[in-house]
Amino acid sequence: MEEVAGRWWNAVWGRLGRRDVWLTRDVRWKVVARSGGSETGRVLRWEFDTEPEAVAMVQRLLAADAGGHWRKQGGDTASPPPH
């Protein structure tokens with residue numbers, strides 16, 4: 001079972017402008033980025049051996065996007081999109 005270590009979204013509502021990023025860990029660290037809505041959005045995935053490598057990718061993703069203001073999600077962090 002994957003553990004969600006962090007989740008961010010760009011605070012933009014709507015399927016065209018919304019962006020989500022998840023940092024999860026099972027055996028390896030995984031970063032999942034979704035552009036658009038939950039049903040038709042594009043999903044990209046990366047796997048890393050160490051947490052610092054995964055966190056560096058999250059930071060690159062958050063820095064590269066110009067839309068909205070990224071917010072770290074707290075509390076109940078929903079799971080990333082299924083494979």
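It should be emphasised that the depicted structure is a prediction, and the values quoted were computed from it without experimental measurement.

What counts, and at which threshold
Residues numbered from 1 in each chain as written. Predicted model: local features only at pLDDT ≥ 70, side-chain atom pairs only at ≥ 80, totals over all residues. Heavy atoms only, no water. Helix = DSSP H or I, 4+ residues; strand = E, 2+ residues; numbered from the N terminus. Buried < 20%, exposed > 50% of the residue type's maximum accessible area, 1.4 Å probe, protein only. Contact = heavy atoms within 4.5 Å. Areas by Shrake-Rupley, 256 points an atom, 1.4 Å probe, with all protein chains shown as cover. Salt bridge = Lys/Arg side-chain N within 4 Å of Asp/Glu carboxyl O. Core = buried A, V, L, I, M, F, W, Y, C linked by side-chain atoms within 4.5 Å. Pairing = 2+ DSSP bridges. Axes fitted to C-alpha atoms, helices over the stretch in contact; angles between N-to-C directions. Phe/Tyr/Trp six-rings, centres within 6.5 Å; stacked < 30°, edge-to-face > 60°. Lys NZ or Arg CZ within 6 Å of the ring centre and 35° of its normal.

Undergrad: I'm lost on the overall build of the protein chain in this one. Help?
TA: Each helix and strand counted, the protein chain has one helix and five strands in total. Along the chain direction, N to C, the helices and strands of the protein chain fall in the order β-β-β-β-α-β. For the protein chain, the residues scored as buried account for 31% of the 83 residues in total. Partitioning the intrachain contacts of the protein chain with sequence separation of at least 6 by distance along the chain shows that 44% fall at a separation of at least 24. Total accessible area on the protein chain is roughly 5,400 Å²; 51% of this is exposed by carbon and sulfur atoms.

Undergrad: In this structure, what is going on with the pattern of salt bridges? I would like to understand it.
TA: Two side chains carrying opposite charge are able to pair once their charged atoms lie near each other. Applying the stated criterion across every chain, the model contains five salt bridges. Here R7 ties to D20 by a salt bridge, and the two come within 3.1 Å at their closest N and O atoms. Separated by 13 residues along the polypeptide, R7 in strand β1 (residues 3–9) and D20 in strand β2 (residues 19–25) bring together distant segments of the chain. Comparing R7 with D20 shows no difference in burial state: the two are buried. The salt bridge partner of E47 is R28, with a shortest N-O separation of 3.2 Å. You can see E47 sitting in strand β4 (residues 42–48) and its partner R28 sitting in the loop between β2 and β3 (29–35), a full 19 residues away along the chain. Here R28 falls in the partly exposed class, since its relative accessible area comes to 31%.

Undergrad: I'm lost on the nonpolar core in this one. Help?
TA: Where a protein is soluble and globular, its nonpolar side chains tend to be buried together. Listed in full, the 10 residues of the largest apolar core are W8, V21, L23, W29, V31, A33, F48, A54, M57 and V58. Listed by contribution, the elements that provide at least two residues to this core are β2, β3 and α1 (51–64).

Undergrad: Can you walk me through the sheet that holds β4 in this structure?
TA: What holds strands together in a sheet is hydrogen bonding between their backbones, with the strands either parallel or antiparallel. Reading across from one edge, β4-β3-β2-β1-β5 is the order of the five strands in this open sheet, with antiparallel pairing throughout. Two strands in the sheet have a free side with no partner beyond their single neighbour: β4 and β5 (71–72). Note: β2 against β3, seven bridges, orientation antiparallel. Note on β3: the bridge partner recorded for R19 is S35. Docked against the sheet, α1 engages β1, β2, β3 and β4, running at close to 15 degrees with respect to β3.

Undergrad: I would appreciate a short explanation of the packing of aromatic side chains in the present structure.
TA: Taken as a whole, this structure holds one aromatic pair when the rule is applied. With 5.0 Å between their ring centres and 65 degrees between their planes, W9 and W13 make a pair best called edge-to-face. Residue classification places W9 among the buried residues on the basis of a relative accessible area of 7%. When the ring centre of W13 is taken as origin, the NZ or CZ atom of R18, which lies over that ring, is 5.9 Å away.

Undergrad: I would appreciate a short explanation of unusual backbone geometry in the present structure.
TA: Residues apart from glycine generally show negative phi values, whereas peptide bonds are mostly found in trans. Backbone geometry at A11 places phi at a positive 60 degrees, although glycine is not the residue there. Following the sequence through the fold, A11 ends up in the loop between β1 and β2. The class of A11 is partly exposed, set by a relative accessible area of 22%.

Coordinates in, geometry out; function isn't part of it.
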